[in-house]
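For reference, the chains in residue letters:
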Protein chains: 2
Amino acid sequence: MSELLTNTIKMIKPLDREAMAQAQVRQDMLTKPQGSLGRLEEISVQLAGIQARPLPQIKQKAIITMAGDHGVVAEKVGNWPQEVTAQMVYNFLGDGAGINVIARQVGARVIVVDMGVATELKAHPQLVSRRVAPGTRNMARGPAMTGEQAVKAIEAGIELVAAEAAQGLDIVGTGDMGIGNTTSSAAICAVMTRQAVDVVTGRGTGLSDEQLAHKVEVIKQTIKVNRPDPKNPLAVLAKLGGFEIGGLVGVMLGAAARRIPVAIDGFISGAAALIATALAPELKGYLFAAHLSAESGHRRLLEHLDLKPLINLEMRLGEGTGAALGIFLIEASARILAEMATFGEAGVSEKEE
Amino acid sequence: MSELLTNTIKMIKPLDREAMAQAQVRQDMLTKPQGSLGRLEEISVQLAGIQARPLPQIKQKAIITMAGDHGVVAEKVGNWPQEVTAQMVYNFLGDGAGINVIARQVGARVIVVDMGVATELKAHPQLVSRRVAPGTRNMARGPAMTGEQAVKAIEAGIELVAAEAAQGLDIVGTGDMGIGNTTSSAAICAVMTRQAVDVVTGRGTGLSDEQLAHKVEVIKQTIKVNRPDPKNPLAVLAKLGGFEIGGLVGVMLGAAARRIPVAIDGFISGAAALIATALAPELKGYLFAAHLSAESGHRRLLEHLDLKPLINLEMRLGEGTGAALGIFLIEASARILAEMATFGEAGVSEKEE
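The structure displayed is predicted, hence computed values, not measured ones.

1. Here we look at the overall build of chain A
Right, on to step 1. From N to C terminus, chain A includes 15 helices and six strands.
Right, on to step 2. Projected onto its principal axes, the C-alpha positions of chain A cover 70 × 40 × 40 Å.
Right, on to step 3. Here chain A, with 353 residues, has 65% of them falling under the buried criterion.
Right, on to step 4. Carbon together with sulfur atoms contributes 49% to the accessible area of chain A, which is approximately 12,200 Å² in total.
Right, on to step 5. One way to put it: in chain A the 35 positive side-chain charges average out to a point 4 Å from where the 37 negative ones average out.

Structure (structure tokens):
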């Protein structure tokens, strides 16, 4: 491990119990039956623990959407051409994608990062270039990347979120783009959660039964060739990962190190969370599972992380779209805690015992 | 039935299939795998059918929060004093309640309506007074209100939503406040869904097992005394209802008559929806179940209405808080449809067949 990565992991501390206790006391004084705002109340208390203050705030918001290509597309695991990764990056930069629309509604900035798109991208003032390589190698034949590349990808995420934090950042959402990355994520998920490959492999952007069976076979072969060890999460990332997945590992670690909550998106972000929490178990308290993806392995993935999704709208787009919707609810929880009147302030009678 | 009510019901038309078809065509041209935004896509198409235009918009938003008191509190069905209804109305007017916070975040105006609070309320520029009477009578001993009062309550809702529509209204959320109103709603739910009373009766603002058993007994006695007939929804409202529930029936009918979508909140709004859809079956297409309430009867209620909730955060506050969160998601669906780029516009390749 590099010094930056080791130090970042060391910086991730347990949630602040004192701030959480104070937040809970206030939550119970607000003009509503105790507990009647359900999970919004719990979230506000968790936020207090993350931000280490009794009145957490969610004002500055960002989605970091990372793009990378996957050599495993050579095995025909999907039915979209690889050039779509680059085309969608231009779509993000042109404000035309799903994530742009939802982030605008939520008031979150979108940071678009080239972590390793196969096609050379034209420079753009909004494009952050942290290319590790022009796509990973075909993991069905050998490791997707070297150990050095895996660390480089994670470091890019750490540095990016640090730069965003310097500008002001109260919450970060993770997003991804990469043709072939549900294959990479399913492989990581199978290894890290110790589930059978067919249980955690889904249809991605829309595979037929036959195509799905082939995808499962490719992942099984990948695991056979690479022999990834779940006790060595960095090696799992190198063998099975994508550069965008590595980048998101770094975003999660870097955010938690700075006490910034993370709204994780769907299956690909979830795969990154499996690696990141294996590297730094304390990270778990900083994560919110924004939604349950329609991608079939996601439920098992979240169960393994012991995270309960906030939303279930059967979405499976990625890009950070689920994360952006989740950020809205997390912001609502912080506003409730900060802005609602207490029984005393409003002159409302309390429950009779 | 009054002329206003009859005419309003007649004005409720089926969804516009042509607008829905056009919305679906556009949805499938947007830069994402078809169906990958899950229920957000379906909602956008339903909105097109409601607003009768291929590009529906959700800009002007309102929550109508109606308050009323319930004579059945004399049977000790809850553990909050009746004066809390009035105190919470002042809290709404003072911007200190949960609904104020969430509506502000969503950009929705909150219309606070006195439909029949027991305590005489002080005038306030933001308070809409449509008092039918100072609380209903004790339904455990006889009808909660007269047939004329039931119609008057519904008409108030119709007129109110018409006034809001005149100012501009793209969606309305329903909200309630009334100590005792989960008892009234459970009684309506049992009758209209033909479920056993204990199956649809919940703990409201926090009853013990013993108190819950007593609440069930009171509702059983109420039904025995009143003999409500589910085929006569107006009589069910009169016998078991609250003035705020009647008002919300009117809001739903009046909105649908003007092709305005309705985000229904939790259990009390759901009880109003049971009455309203029985009066006007076409209304169903105009309703969105914003969330699944933690109140135990709500799941059965929504199943009866064949509505699938958008959110499940174990909330049970009422006021329109769930509706306001739901409106955010409904707005997201409209924005997606209107603002995302198509494959052609963005120069993104489509799926290979």
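2. A look at the relation of the copies chain B and chain A
Right, on to step 1. With an RMSD of 0.0 Å, the fit of chain B onto chain A corresponds to turning through 180° and sliding 0.0 Å along the axis. Both copies are brought into coincidence by an operation consistent with a two-fold rotation axis. Proximity to the rotation axis, assessed at the C-alpha, singles out Ile-311 of chain B in chain B; its C-alpha lies 3.1 Å from the axis.
Right, on to step 2. Counting the interface residues of chain B, we find that 100% of their copies in chain A are interface residues as well, pointing to one common contact surface.

3. Topic: helix α10 (residues 233–240) of chain A
Because the α-helix completes a turn every 3.6 residues, residues three or four places apart line up on one side.
All names here are of chain A.
Right, on to step 1. Of all eight residues in α10, six are buried, a share of seventy percent or more.
Right, on to step 2. Within the sequence span of α10, burial applies to Pro-233, Leu-234, Val-236, Leu-237, Ala-238 and Leu-240.
Right, on to step 3. Lining the buried residues of α10 we find α1 (3–11), α6 (147–167), α7 (181–193), α9 (209–226), α11 (243–257) and α12 (267–279).

4. Looking at the pattern of salt bridges
Where charged atoms from two side chains of opposite charge approach closely, those side chains can pair.
Residues and elements named next belong to chain A.
Right, on to step 1. Scanning the entire structure with this criterion turns up 30 salt bridges over all chains.
Right, on to step 2. For the salt bridge of Glu-75 with Arg-141, the shortest nitrogen-to-oxygen distance reads 3.0 Å. Taken as a pair, Glu-75 in the loop between β1 (61–68) and α4 (83–93) and Arg-141 in the loop between β3 (127–129) and α6 lie far apart in primary sequence, 66 residues in all.
Right, on to step 3. Here Glu-75 falls in the buried class, since its relative accessible area comes to 12%.

5. Topic: the side chain of Asp-114 of chain A
All names here are of chain A.
Right, on to step 1. Looking at the element boundaries, Asp-114 is found in strand β2 (residues 108–116).
Right, on to step 2. Polar side-chain contacts of Asp-114 include one of 2.9 Å to the backbone nitrogen of Gly-116.
Right, on to step 3. Separated by 2.6 Å, the side chains of Asp-114 and Arg-131 make a polar contact.
Right, on to step 4. Those residues in contact with Asp-114 that sit more than four places away from it in its chain are Ala-67, Leu-121, Leu-127, Val-128, Ser-129, Arg-130 and Arg-131.

6. Side note on the sheet that holds strand β4 (residues 171–177) of chain B
Residue and element names in this part refer to chain B.
Right, on to step 1. Read across the open sheet, the six strands follow the order β3-β2-β1-β4-β5-β6; overall the sheet is parallel. The outermost strands of the open sheet, each flanked by one partner alone, are β3 (127–129) and β6 (287–289). On average, adjacent strands in this sheet sit at an angle of 30° to one another, irrespective of strand direction.
Right, on to step 2. In this sheet, β6 lies alongside strand β5 (residues 262–264) in parallel orientation, the contact comprising three bridges. Bridge pairing in β6 places Ala-263 opposite Phe-288.

7. With respect to the packing of aromatic side chains
Right, on to step 1. Under the defined criterion, the tally for this structure stands at three aromatic pairs over all chains.
Right, on to step 2. Between the aromatic rings of Trp-80 of chain A and Phe-343 of chain B, the centroid separation amounts to 5.9 Å while the plane-to-plane angle is 25°, which identifies the pairing as stacked. Residue Trp-80 of chain A is found in the loop between β1 and α4, and its partner Phe-343 of chain B is found in helix α15 (residues 343–346); the two belong to separate chains. As far as the burial class goes, Trp-80 of chain A and Phe-343 of chain B line up, both buried.
Right, on to step 3. Their ring planes at 0° and their centres at 3.6 Å tell us that Phe-328 of chain A and Phe-328 of chain B sit as a pair that is stacked. In this pair, Phe-328 of chain A sits in helix α14 (residues 321–339) while Phe-328 of chain B sits in helix α14 (residues 321–339), so the two residues belong to two different chains.
Right, on to step 4. Relative accessible area serves as the criterion here: at 4%, Phe-328 of chain A is assigned to the buried category.
Right, on to step 5. The ring of Tyr-90 of chain A is capped by Lys-122 of chain A, whose NZ or CZ atom sits 5.0 Å from the centre of that ring.

8. Description of the nonpolar core
Right, on to step 1. Core analysis: the largest hydrophobic core is formed by 266 residues, its most contacted members being Met-252, Leu-253 and Leu-325 of chain A together with Leu-253 and Leu-325 of chain B.
Right, on to step 2. For Leu-253 of chain A, the residues in contact, after removing those within four places along its chain, are Leu-5, Thr-8, Ile-9, Ile-12, Ile-154, Ala-276, Leu-279, Ala-280 and Leu-283 of chain A.

9. Let's talk about α14 of chain B
Right, on to step 1. Between its first and last C-alpha, α14 of chain B extends 27 Å over 19 residues, near the 27 Å set by a 1.5 Å rise per residue.
Right, on to step 2. Of all the 19 residues making up α14 of chain B, 16 are buried; the element is thus mostly covered by neighbouring parts of the structure.

10. As for unusual backbone geometry
Residues and elements named next belong to chain A.
Right, on to step 1. Within the chain, Lys-76 stands out as a residue other than glycine whose phi angle is a positive 60°.
Right, on to step 2. The topology assignment puts Lys-76 in the loop between β1 and α4.
Right, on to step 3. Assessed through its relative accessible area of 67%, Lys-76 is described here as exposed.

11. Observations concerning the domain arrangement of chain A
Residues and elements named next belong to chain A.
Right, on to step 1. By the assigned domains, chain A splits into domain 1 (3–56 + 338–346) and domain 2 (61–331).
Right, on to step 2. Contact residues are listed per partner, giving 20 residues for domain 1 and 26 residues for domain 2.
Right, on to step 3. Summing both partners gives a buried area of about 2,000 Å² for domain 1 against domain 2, and 68% of it is carried by carbon and sulfur.
Right, on to step 4. It is Leu-5, Ile-12 and Ile-50 that lose the most area in domain 1 upon contact with domain 2, and together they represent 29% of the buried surface on that side.
Right, on to step 5. Taken together, the connections running from domain 1 to domain 2 amount to eight residue pairs in polar contact (both at pLDDT 80 or more).
Right, on to step 6. A total of eight residues in the side of domain 1 that touches domain 2 trace back to one element, the largest contributor, which is helix α3 (residues 38–51).
Right, on to step 7. By residue class, the composition of the side of domain 1 that touches domain 2 is 12 nonpolar, four polar and four charged.

12. Details of the interface of chain B and chain A
Right, on to step 1. Contact with chain B, which involves 55 residues of that partner, is made by 55 residues of chain A.
Right, on to step 2. For the pairing of chain B and chain A, the buried interface totals around 4,900 Å² over both sides, and the portion due to carbon and sulfur atoms is 62%.
Right, on to step 3. Three residues stand out in chain B for area buried against chain A, namely Gln-105, Leu-313 and Phe-328 of chain B, and they jointly supply 14% of the buried area on that side.
Right, on to step 4. Taken together, chain B and chain A are joined by four salt bridges.
Right, on to step 5. Across the salt bridge formed by Lys-308 of chain B and Glu-314 of chain A, the nearest N and O atoms sit 2.7 Å from each other.

13. Brief notes about the sheet that holds β3 of chain A
Residue and element names in this part refer to chain A.
Right, on to step 1. Taken in spatial order, the six strands line up as β3-β2-β1-β4-β5-β6 in an open sheet, and their pairing is parallel. Only two strands of the sheet have a single neighbouring strand rather than two, namely β3 and β6 (287–289). The average undirected angle you get between the axes of adjacent strands in this sheet is 30°.

14. Quick notes on the packing of α3 of chain A against α14 of chain A
Residue and element names in this part refer to chain A.
Right, on to step 1. The geometry of α3 relative to α14 is characterised by a closest axis approach of 8 Å and an angle of 85° between their N-to-C directions. For the element pair α3 / α14, the angle class is roughly perpendicular. Counting all contacts with α3, which are made through Leu-40, Ile-43, Ser-44 and Leu-47, the residues of α14 involved are Leu-329, Ile-330, Ser-333, Ala-334 and Leu-337.
Right, on to step 2. Residues that form the contact of α3 with α14 fall into these classes: seven nonpolar, two polar and no charged.

15. A closer look at the environment of Ala-67 of chain B
Residue and element names in this part refer to chain B.
Right, on to step 1. Tracing the backbone shows Ala-67 in strand β1 (residues 61–68).
Right, on to step 2. Taking C-alpha positions, Ala-67 is 15 Å from Gly-270, a pair spaced 203 residues apart along the chain.
Right, on to step 3. Look past the residues within four positions of Ala-67 in its chain and what remains in contact with it is Thr-85, Val-89, Val-113, Asp-114, Met-115, Gly-116, Val-117, Met-177 and Glu-244.

What counts and how
- Residues numbered from 1 in each chain as written.
- Chains lettered and ligands numbered in written order.
- Predicted model: local features only at pLDDT ≥ 70, side-chain atom pairs only at ≥ 80, totals over all residues.
- Heavy atoms only, no water.
- Helix = DSSP H or I, 4+ residues; strand = E, 2+ residues; numbered from the N terminus.
- Buried < 20%, exposed > 50% of the residue type's maximum accessible area, 1.4 Å probe, protein only.
- Areas by Shrake-Rupley, 256 points an atom, 1.4 Å probe, with all protein chains shown as cover.
- Lys, Arg positive; Asp, Glu negative; His and termini not counted.
- Charge placed at Lys NZ, Arg CZ, Asp CG, Glu CD.
- Least-squares fit on C-alpha atoms with pLDDT ≥ 70 in both.
- Contact = heavy atoms within 4.5 Å.
- Salt bridge = Lys/Arg side-chain N within 4 Å of Asp/Glu carboxyl O.
- Polar contact = N/O pair within 3.5 Å; in protein donor to acceptor, adjacent residues only side chain to side chain.
- Pairing = 2+ DSSP bridges.
- Axes fitted to C-alpha atoms, helices over the stretch in contact; angles between N-to-C directions.
- Phe/Tyr/Trp six-rings, centres within 6.5 Å; stacked < 30°, edge-to-face > 60°.
- Lys NZ or Arg CZ within 6 Å of the ring centre and 35° of its normal.
- Core = buried A, V, L, I, M, F, W, Y, C linked by side-chain atoms within 4.5 Å.
- Expected span 1.5 Å × (residues − 1).
- Domains from an automatic or database assignment.
- Buried area = accessible area lost by both parts, 1.4 Å probe.
- Nonpolar A, V, L, I, M, F, W, Y, C, P; charged D, E, K, R; others polar.
- Parallel < 35°, antiparallel > 145°, perpendicular 65-115°, else oblique.

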